[in-house]
Amino acid sequence: MPTVLIIDDNAAVAIALEVLFSLHDIAALRAASPEEGLAVLARQPVDLVIQDMNFTADTTSGEEGVTLFREIRRRHPDLPVILLTAWTHLDAAVDLVKAGAADYLSKPWNDERLLATVTNLIELGQANRALTSRLQRERRAKRELEQNFDLRGLVWQDPATERVLHLACQVARADVPVLITGPNGTGKERIAEIIQANSQVPDGPFVVLNCGALPSELIEAELFGAEAGAYTGASKAREGKFEAADGGTLFLDEIGNLPLAGQMKLLRVLETGRFERLGSNRERQVKVRVISATNADLSAMIRAGSFREDLYYRLNVIELRLPPLAARPGDILPLALSFLPRGKHLHPSAEAALLAHAWPGNVRELKNVMARASLLAQGELIMVADLGLPAAPAAANETEPDREAIAQALARAGGVVAQAALELGLSRQALYRRMERLGIARSA
């Protein structure tokens, strides 16, 4: 049950609020003075404070309330505070709202509006605490991964990346094939390197073959090697990638481009560890872990008859799905900064543009964008124009709300400024400034 602390020397006010909250499943604590209120806050957690502006008889300046608010803010900077004030203290209350108070309400207050404000602030506080707790868990998980495993200097922050890394490190020491799926440019080879670095043979060779970068007639020679004269231009014997990777890891990128003949021979190597070079009848034995990657839909290729189902299941003992960069927004700014030369910085508007971009080319596109921006920027600060990204459509809340829009939002919110500000995409302080500039009176 959420708890509200009422700091007011008027017992009738405190009791009335306590009864009101009790009818809506909100616990209430009472304190008759600033000192007593601060003592309660020191003893136990509360979700929100409602405080008066005066505590000494015949005092109406509001200075006691200002002092109390600033002390609460100093000791508990994230605790929402609602000010209860007479109209004579309106200027002081507005100043405190600008300084961070959650809201202010005049005496006598409107029960419905007070409850709406309190409920909104409590829910917001609970959401913020949940977010803080989640961020702490994510930071702890990231720290543990970085301490316990060799991540090859990978830059990352997003929970989606953390999940992939956690599984990759978990299976790294198991000598089984791994299939990494995901769009081009997402960093599949980096994940393969991390698996190798945390395997039982971290010092073994790590050999890469892009199956999509070679003519189909040469892929078998690249994989298994060839004897002299095995094909036109083969003037001398050469070893293939499997021999080069013996005792380590072979990373087969774009595995979906491997022709059917090569697929059949690859399946045999995975099952037996044996193969023959092209043009040779002598079997060779190797100990190689195969990690493959693809951006293709292998299941669809199996249905179309262009990829062997038995090979798919042999490669796919463990599958790691690497999401596109747009699905890992927490990685965008850390990666962007890592691609900048020392001394270069991003303007906040440039950061916003990076986060708003869809990144169809994923990390590879981001790296190219940052390289170009570093060259085009006139000084140390990189601006939006330096990025060369297509302009993103303006969000609705980026339009300055007019008098009518603000009045309608206030009406829908029942006069609760915090709720109206949320609807308009503004902070409470920003909405107060606009109301003051447009001459919109706060309803009593």
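The following refers to the structure shown. (Residues numbered from 1 in each chain as written. Predicted model: local features only at pLDDT ≥ 70, side-chain atom pairs only at ≥ 80, totals over all residues. Heavy atoms only, no water.)

What follows is about the overall build of the protein chain. A count of helices and strands for the protein chain gives 19 helices and 14 strands. Computed over its C-alpha atoms, the radius of gyration of the protein chain comes to 32 Å, more than 25% above the 22 Å expected for a compact globule of 444 residues. Structurally, the protein chain occupies a C-alpha span of about 105 × 45 × 45 Å along its principal axes. With 444 residues in all, the protein chain has 46% of them scored as buried. Across the protein chain, the fraction of contacts at a sequence separation of at least 24, relative to all contacts at a separation of at least 6, is 68%. For the protein chain, the exposed surface amounts to about 22400 Å²; the carbon and sulfur share of it is 52%. (Helix = DSSP H or I, 4+ residues; strand = E, 2+ residues; numbered from the N terminus. Rg over C-alpha atoms; globule rule 2.2 N^0.38 Å. Buried < 20%, exposed > 50% of the residue type's maximum accessible area, 1.4 Å probe, protein only. Contact = heavy atoms within 4.5 Å. Areas by Shrake-Rupley, 256 points an atom, 1.4 Å probe, with all protein chains shown as cover.)

For the structure shown, the criterion picks out 21 salt bridges. The partner of Arg 75 in a salt bridge is Glu 71, and the shortest N-O contact between them spans 2.7 Å. One end of the pair is Arg 75 and the other is Glu 71, both in helix H3 (residues 63-75) and four residues apart, which spans about a single turn. For Arg 75, a relative accessible area of 40% translates into the label partly exposed. If you follow the salt bridges from partner to partner, you end up with Glu 227, Glu 243, Arg 277 and Arg 284 in one network. (Salt bridge = Lys/Arg side-chain N within 4 Å of Asp/Glu carboxyl O.)

Here we take up the packing of aromatic side chains. In the structure shown here, the tally under the stated rule is five aromatic pairs. Relative to Phe 251, the ring of Phe 206 has its centre 6.3 Å away and its plane inclined at 15°; by these criteria the two rings are stacked. Here Phe 251 lies in strand S8 (residues 249-253) and Phe 206 lies in strand S7 (residues 206-210), a separation of 45 residues in the sequence. By relative accessible area, which is 0% here, Phe 251 ends up buried. (Phe/Tyr/Trp six-rings, centres within 6.5 Å; stacked < 30°, edge-to-face > 60°.)

Moving on to unusual backbone geometry. Leave glycine aside and you will find that most residues have negative phi; peptide bonds, for their part, are mostly trans. Positive phi, close to 55°, is recorded for Glu 254, a residue that is not glycine. Residue Glu 254 is classed as buried on the basis of its relative accessible area, which comes to 14%. Positive phi, close to 60°, is recorded for Asn 362, a residue that is not glycine. Relative to the assigned elements, Asn 362 resides in helix H15 (residues 362-376). Take Asn 362: its relative accessible area is 2%, and that puts it in the buried class.

Another point: the sheet that holds S7. Taken in spatial order, the five strands of this open sheet run S7-S8-S11-S6-S12, and their pairing is parallel. The outermost strands of the open sheet, each flanked by one partner alone, are S7 and strand S12 (318-321). Pairs of neighbouring strands in the sheet enclose a mean axial angle of 20°, with direction left out of account. Taken strand by strand, helix H6 (residues 159-171) contacts strand S6 (178-181), strand S11 (289-294) and S12, and its axis lies near 155° from that of S12. Seen against the sheet, helix H7 (residues 188-197) touches S6, S7, S8, S11 and S12 and runs at an angle of roughly 155° to S6. (Pairing = 2+ DSSP bridges. Axes fitted to C-alpha atoms, helices over the stretch in contact; angles between N-to-C directions.)

Right, let's get into the nonpolar core. With 35 residues, the main nonpolar core has Leu 5, Ile 7, Val 49, Ile 72 and Leu 431 as its most contacted residues. Breaking this core down by element, the ones donating at least two residues are strand S1 (3-7), helix H2 (34-43), H3, strand S4 (81-85), helix H4 (90-98), helix H17 (403-412), helix H18 (417-424) and helix H19 (428-438). Residues contacting Ile 72, with those up to four places away along its chain left out, are Ile 7, Leu 38, Leu 41, Val 49, Gln 51, Pro 77, Leu 79 and Val 81. Among the nonpolar cores identified, the runner-up in size contains 28 residues, and Leu 258, Leu 266, Val 286 and Phe 307 belong to it. (Core = buried A, V, L, I, M, F, W, Y, C linked by side-chain atoms within 4.5 Å.)

Considering the arrangement of structural elements, one finds Asp 47 in the loop between H2 and strand S3 (48-52). Residue Asp 47 is classed as buried on the basis of its relative accessible area, which comes to 15%. A distance of 2.7 Å separates a polar side-chain atom of Asp 47 from the backbone nitrogen of Thr 3. Reaching out from Asp 47, the side chain makes a polar contact with the side chain of Arg 129 at a distance of 2.8 Å. In this view, Asp 47 contacts Pro 2, Thr 3, Leu 79, Pro 80, Ile 122 and Arg 129; residues no more than four positions away in its chain are not counted. (Polar contact = N/O pair within 3.5 Å; in protein donor to acceptor, adjacent residues only side chain to side chain.)

Spatial relationships are all this shows, so hold off on functional conclusions.
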